[in-house]
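Below, each chain spelled out in residue letters.
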Amino acid sequence: MCGENSSSLTPGFFILNGIPGLEAAHTWISLPFCFMYVIAVVGNCGLIYLISHEDALHRPMYYFLALLAFTDVTLCTTTVPNMLCIFWFNLKEIDFDACLAQMFFVHMLTGMESGVLMLMALDRYVAICYPLRYSIILTNPVIAKTGLATFLRGVLLIIPFTFLTKRLPYCRGNFIPHTYCDHMSVAKVSCGNFKVNAVYGLMVALLIGVFDICCISVSYTMILRAVVSLSSADARQKAFSTCTSHICAIVITYVPAFFTFFAHRFGGHNIPHHIHIIVANLYLLLPPTMNPIVYGVKTKQIQEGVFKFLLGDKVVFTQDK
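Counting of residues starts from 1 at the beginning of each chain's written sequence and follows it residue by residue. Residue-level local features of this predicted model are given only where pLDDT is at least 70; pairs of side-chain atoms are given and counted only at 80 or more, and the full residue set underlies all totals for whole chains, interfaces and linings. Side-chain descriptors were evaluated using all non-hydrogen atoms of the structure, hydrogens and water having been removed beforehand.

Undergrad: I'd like a description of unusual backbone geometry, backed by residues and values.
TA: Of note in this structure, Asn90 is not a glycine but carries a positive phi near 60°. By the element assignment, Asn90 lies in the loop between helix 2 (60-89) and strand 2 (93-95). Buried means the residue's accessible area, taken with a 1.4 Å probe over protein chains only, is under 20% of the maximum for its type, while exposed means over 50%, and partly exposed covers the values in between. Relative accessible area serves as the criterion here: at 53%, Asn90 is assigned to the exposed category. Helix and strand definitions follow DSSP, with helices as H or I runs of at least four residues and strands as E runs of at least two, each counted in order from the N terminus.

This is how it looks when you write it as structure tokens:
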């Protein structure tokens, strides 16, 4: 169970138990997860391909959408294949270092997803409140720098998770009642004091999640004020319709995220553990699955891009900020 240096009490590997209490239903549970994963990969890769190949979609809104799609497909690929191996082939072992790497990428990418949603809210704010300066403010270098800053924020804030988790002694065993290596799920296996892990995890949640939600809320407050002040009902409807896809993406992302966060800290004894695990998996799978569908249904330019790809050059793009 433990590595060669027994004094360090570091296990050579962990055992991911899947969804405790629902082991007999693992095969059936895997089917919707697998279906969602296929949709997520195909849909997000399709979005990235479409945005990269269609000149009409080479605009800030779609660059951010491509970044969101890349983050989503990478996030679910970090966990779902390993989860399906647990469900289908009972391959539950994961190397200690591989577990730490998975933990890092899961939390870094979820933080990056939140950051991209915040950037997309700022994009909608500039497009609606400063339409004449939109292309001047959101230039390609600005988009690249904000995307890089979001990535670096996630990396720098999540790297300590790996060191804080690696320092803990694991003398209680190496069984993790989860489908992937989540920070607190791994820390709770330890027989040491993981209070620092819990405090730092809460601090990171505040620095990333709460900050991004505040920025999104302020952006949409300003957007709402600008839309209400428009004299034409058609103009108001058109302006707000450009935000509906993004609002749906925010709801899909943050609702399961908040449930997972608060349930772990305040409702652990009242909510069955298998519900925790299922919602934690949906938290990683639902946004990557639904975002391409939402943007495909709600965004006319993406619909036209799909038709143009399928039918050739017979579709004329409409312009819309």
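Past the structure itself, the notes keep going.
Undergrad: How would you explain the state of the cysteines if you had to name every residue and give the values?
TA: The rule for a disulfide is simple: a pair of cysteine sulfur atoms within 2.5 Å. Using the criterion set out here, one finds two disulfides in the structure. Across a sulfur-sulfur distance of 2.0 Å, Cys99 and Cys181 are joined as a disulfide pair. Its S-S torsion of approximately -120° makes the covalent link between Cys99 and Cys181 left-handed. A residue pair is termed long-range when its members are at least 10 positions apart, and Cys99 in helix 3 (residues 96-129) and Cys181 in the loop between strand 3 (175-176) and helix 6 (183-187) qualify at 82 residues. Taken in sequence order, the bonded cysteines of the protein link in the pattern 1-3, 2-4. Left unpaired, Cys34 is separated from the closest cysteine sulfur, that of Cys85, by 11 Å. Cys76 takes part in no disulfide bond, and the closest cysteine sulfur to it belongs to Cys45, at a distance of 8.8 Å.

Undergrad: Explain the pairing of strand 1 (residues 13-16) residue by residue, including any values.
TA: With three bridges connecting them, strand 1 and strand 2 associate as antiparallel partners. By the bridge assignment for strand 2, Phe13 is matched with Asp95. A strand pair is defined by DSSP finding two or more bridges across the two strands.

Undergrad: Tell me about the packing of aromatic side chains, residues and numbers included.
TA: A pair of Phe, Tyr and Trp rings is counted when the ring centres sit within 6.5 Å of each other, with Trp represented by its six-membered ring. The angle between the planes then sorts it: under 30 degrees is stacked, over 60 is edge-to-face, the rest tilted. Evaluation of the coordinates by the stated rule reveals eight aromatic pairs. When the centroid spacing of 5.2 Å and the interplanar angle of 70° are considered together, the rings of Phe104 and Phe105 count as edge-to-face. Judged by its relative accessible area of 14%, Phe104 falls in the buried class. Under the relative-accessibility criterion, Phe105 is labelled partly exposed at 39%. Between Phe161 and Tyr200, the ring centres sit 5.5 Å apart and the planes meet at 85°, which makes this aromatic pair edge-to-face. Taken as a pair, Phe161 in helix 5 (residues 140-166) and Tyr200 in helix 7 (residues 195-228) lie far apart in primary sequence, 39 residues in all. Members of the aromatic cluster, joined through ring pairs, are Phe14, Phe96 and Tyr170.

Undergrad: Describe in detail the environment of Arg225, supporting the description with residues and values.
TA: One can find Arg225 in helix 7. The exposure class of Arg225 is exposed, given its relative accessible area of 59%.

Undergrad: Please give an account of the sheet that holds strand 2 that cites residues and values.
TA: Reading across the sheet, the three strands line up as 2-1-3 and stay open at both edges, with mixed pairing between neighbours. Edge positions in the open sheet fall to strand 2 and strand 3, since each of these has one partner strand only. Judged from the two bridges that link them, strand 1 and strand 3 form a sheet pairing that is parallel. Among the inter-strand pairings, Ile15 is bridged to a residue of strand 3, identified as Phe175.

Undergrad: Let's hear about the environment of Leu119: which residues, and what values?
TA: If you trace the backbone, Leu119 turns up in helix 3. Relative accessible area serves as the criterion here: at 8%, Leu119 is assigned to the buried category. Note: C-alpha distance between Leu119 and Tyr63 (56 residues apart in sequence) is 11 Å. Discounting chain neighbours no more than four positions away, the residues touching Leu119 are Phe64, Thr146, Gly147 and Thr150. In what follows, residue pairs with any heavy atoms lying within 4.5 Å of each other are defined as contacts.

Interpretation note: all reported values are geometric properties and have no functional meaning in isolation.
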